[in-house]
Amino acid sequence: MCLAPSFLLCCAIEDSVCTSTVPCLLLSCRLRPGNDEAKLKVKPQLESRENRTYGIFKAIAYKTQVVAGTNYFIKVQVSDTGYVHLKVFQSLPYENKGPSLVGVQTGKTKDDPLTYF
């Protein structure tokens, strides 16, 4: 059970369960399954930024950070053994803007923890 409020990051996540007793500011401590296709609308932005195409592009898990909108930190499988971590910003609904890719970490593995960057 998470001991931190939902707007805080638990420093240690194990099997999607927060195990920390000392919360760190930033992210929701729940690691969520990556089944929200709306967040994957940033695939063209990633391919443009990395100057390559991805045949596999599957969200595995994500965390959120509420700001003046929402930051999503998403673990995405891009090959059989390759993963990237994406930071995607979704503005508030009244702004009527789509998701924006604001950060990328490449060279990740399935077991790399999803953290703030």
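Here, the structure is the one placed above.
Keep in mind that what you see is a predicted model, and the values were worked out from it rather than measured.

### A word on the overall build of the protein chain
Then step 1. Each helix and strand in the protein chain was counted, giving one helix and nine strands.
Then step 2. Reading the protein chain from its N end, one meets helices and strands in the order β-β-β-β-β-α-β-β-β-β.
Then step 3. Counting every position in the protein chain, which comprises 117 residues, the buried fraction comes to 38%.
Then step 4. Sequence-distant contacts, at least 24 apart, represent 38% of the contacts inside the protein chain between residues at least 6 apart.
Then step 5. By element, 53% of the accessible surface of the protein chain is carried by carbon and sulfur atoms, the whole surface being about 6,900 Å².

### Here we look at the pairing of strand β8 (residues 83–90)
Two faces belong to every sheet, and in a regular strand the side chains alternate between them.
Then step 1. With respect to burial, β8 is a largely interior element, six of its eight residues being buried.
Then step 2. In the sheet, strand β7 (residues 69–77) pairs with β8 via eight bridges, with the strands oriented antiparallel. In the sheet register, Gln-77 faces β8, and the bridge partner there is Tyr-83.
Then step 3. Taken together, β7 and the strand that follows it, β8, pair antiparallel across an intervening segment of five residues.
Then step 4. Of the strand pairs in this sheet, β8 and strand β9 (residues 100–108) are connected by six bridges, and their pairing is antiparallel. Among the inter-strand pairings, Lys-87 is bridged to a residue of β9, identified as Gly-103.

### Here's the deal with the side chain of His-85
Then step 1. For His-85, the position within the fold is in strand β8.
Then step 2. Note on His-85: relative accessible area 0%, which makes it buried.
Then step 3. Here His-85 is in contact with Ile-74, Lys-75, Gly-103, Val-104, Gln-105, Lys-108, Asp-112, Pro-113, Leu-114 and Phe-117, once residues within four sequence places are set aside.

### Digging into the environment of Tyr-116
Then step 1. Structurally, Tyr-116 can be placed in the segment after β9.
Then step 2. C-alpha of Tyr-116 to C-alpha of Phe-73: the two residues are 43 residues apart in sequence and 7.2 Å apart in space.

### As for the pairing of β7
Then step 1. Here β7 lies mainly inside the structure; nine of its nine residues are buried.
Then step 2. Here β7 shows two buried faces, one formed by Gly-69, Asn-71, Phe-73, Lys-75 and Gln-77 and the other by Thr-70, Tyr-72, Ile-74 and Val-76.
Then step 3. Across nine bridges, strand β6 (residues 58–67) lies against β7 in antiparallel orientation. By the bridge assignment, Ala-59 is partnered in β7 with Val-76.
Then step 4. Between the end of β6 and the start of β7, which pair antiparallel, lie one residue.

Calculation rules
- Residues numbered from 1 in each chain as written.
- Predicted model: local features only at pLDDT ≥ 70, side-chain atom pairs only at ≥ 80, totals over all residues.
- Heavy atoms only, no water.
- Helix = DSSP H or I, 4+ residues; strand = E, 2+ residues; numbered from the N terminus.
- Buried < 20%, exposed > 50% of the residue type's maximum accessible area, 1.4 Å probe, protein only.
- Contact = heavy atoms within 4.5 Å.
- Areas by Shrake-Rupley, 256 points an atom, 1.4 Å probe, with all protein chains shown as cover.
- Pairing = 2+ DSSP bridges.

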